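Now for the letters of each chain:
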Amino acid sequence: MERNNMRRQVALMRQSLFTQGYLDEQFVQLEELQDDTNPNFVEEIATLYYRDSCRSLQTIEQALEKTPHDFYKLDNHMHQFKGSSSSIGAKKVKAECQQFREYCRAGNGEGCMRTFQLLKKEHATLKKKLEAYFQMARQAGPIETASRPK
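Residues numbered from 1 in each chain as written. Predicted model: local features only at pLDDT ≥ 70, side-chain atom pairs only at ≥ 80, totals over all residues. Heavy atoms only, no water.

(A) A look at the pattern of salt bridges. Evaluation of the coordinates by the stated rule reveals eight salt bridges. When the shortest N-O distance is used, the salt bridge between glutamate 43 and arginine 138 registers 2.3 Å. Placement of glutamate 43 in helix α3 (residues 41–65) and of arginine 138 in helix α6 (residues 109–140) is noted, with a sequence separation of 95 residues between them. Taking the relative accessible area as the measure of exposure, arginine 138 reaches 47% and is therefore partly exposed. Note that glutamate 110 is salt-bridged to arginine 114, the shortest N-O span being 3.9 Å. A residue pair is termed a helical-turn pair when its members lie 3 or 4 positions apart in one helix, as glutamate 110 and arginine 114 do in helix α6 at four residues. (Salt bridge = Lys/Arg side-chain N within 4 Å of Asp/Glu carboxyl O. Helix = DSSP H or I, 4+ residues; strand = E, 2+ residues; numbered from the N terminus. Buried < 20%, exposed > 50% of the residue type's maximum accessible area, 1.4 Å probe, protein only.)

(B) Quick look at the confidence of the model for the chain. Mean pLDDT over the chain works out to 92, with 93% of the residues at or above the 70 mark. Mean pLDDT across the elements of the chain bottoms out in helix α1 (residues 2–19) (90) and peaks in helix α5 (residues 91–106) (98). (pLDDT = per-residue confidence, 0-100.)

(C) Structural view of the side chain of serine 85. Structurally, serine 85 can be placed in helix α4 (residues 71–88). Taking relative accessible area as the criterion, serine 85 reaches 0% and is therefore assigned buried. Sequence-distant contacts of serine 85, that is, excluding residues within four places in its chain, are made with Tyr49, Ala90 and Val93. (Contact = heavy atoms within 4.5 Å.)

(D) Spotlight on the packing of α3 against α6. At a minimum axis distance of 11 Å, the contact between α3 and α6 shows a crossing angle of 160°. Here α3 is positioned roughly antiparallel relative to α6, judged by the angle of their axes. As for how α3 packs across α6, the hand of that crossing is left-handed. Within the contact between the two elements, α3 uses Val42, Glu43, Ala46, Tyr49, Tyr50, Ser53, Cys54, Leu57, Ile60, Glu61 and Leu64 and α6 uses Cys112, Met113, Phe116, Leu119, Lys120, His123, Leu126, Lys127, Leu130, Phe134 and Arg138. Looking at the contact of α3 with α6, its residues break down into 15 nonpolar, two polar and five charged. (Axes fitted to C-alpha atoms, helices over the stretch in contact; angles between N-to-C directions. Parallel < 35°, antiparallel > 145°, perpendicular 65-115°, else oblique. Left-handed = near helix turned anticlockwise from the far one by under 90°. Nonpolar A, V, L, I, M, F, W, Y, C, P; charged D, E, K, R; others polar.)

(E) Quick peek at the packing of aromatic side chains. Counted under the stated rule, the structure contains five aromatic pairs. For the pair tyrosine 133 and phenylalanine 134, a centre-to-centre distance of 5.4 Å together with 55° between the ring planes defines the contact as tilted. Judged by relative accessible area, which is 9%, phenylalanine 134 ranks as buried. Here a set of aromatic residues connected by ring pairs shows up, and it is made of Tyr49, Tyr50 and Phe81. (Phe/Tyr/Trp six-rings, centres within 6.5 Å; stacked < 30°, edge-to-face > 60°.)

(F) The arrangement of the environment of glutamine 29 in detail. With respect to the helices and strands, glutamine 29 occurs in helix α2 (residues 25–33). A sequence separation of 43 residues divides glutamine 29 from tyrosine 72, and the C-alpha atoms of the two residues are 32 Å apart.

Spelled out as structure tokens, the structure:
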């Protein structure tokens, strides 16, 4: 009974990540790749994403500190970061990346700085939420196959 209750909590937590706009369809596609031979696949991908993305954020932050801003370089760095974020379904992070890139194209350094702060916040929030989700999922044990969010 306890395990079923925990699984329901995991399912609700997962659903909230979609309804609150943190994750998109790409996350479901990753879940579909997970199977009995690699039951922690999605968690491993998310862990790799966060390890690599922290370095990317540092690179972008260092580029933002240089004046005058090299908007071409900033846009390229953000393009790479956006691709990584898209690959795990980080919807809000991806949206901030897009906004940042639009500011780069407009040559708006202040907009880039402001959006970068929002991006870091969304990145950290998603990390915390995913860590809690994966921890609870591990405690609940294996569940059925992935399902599309409603």
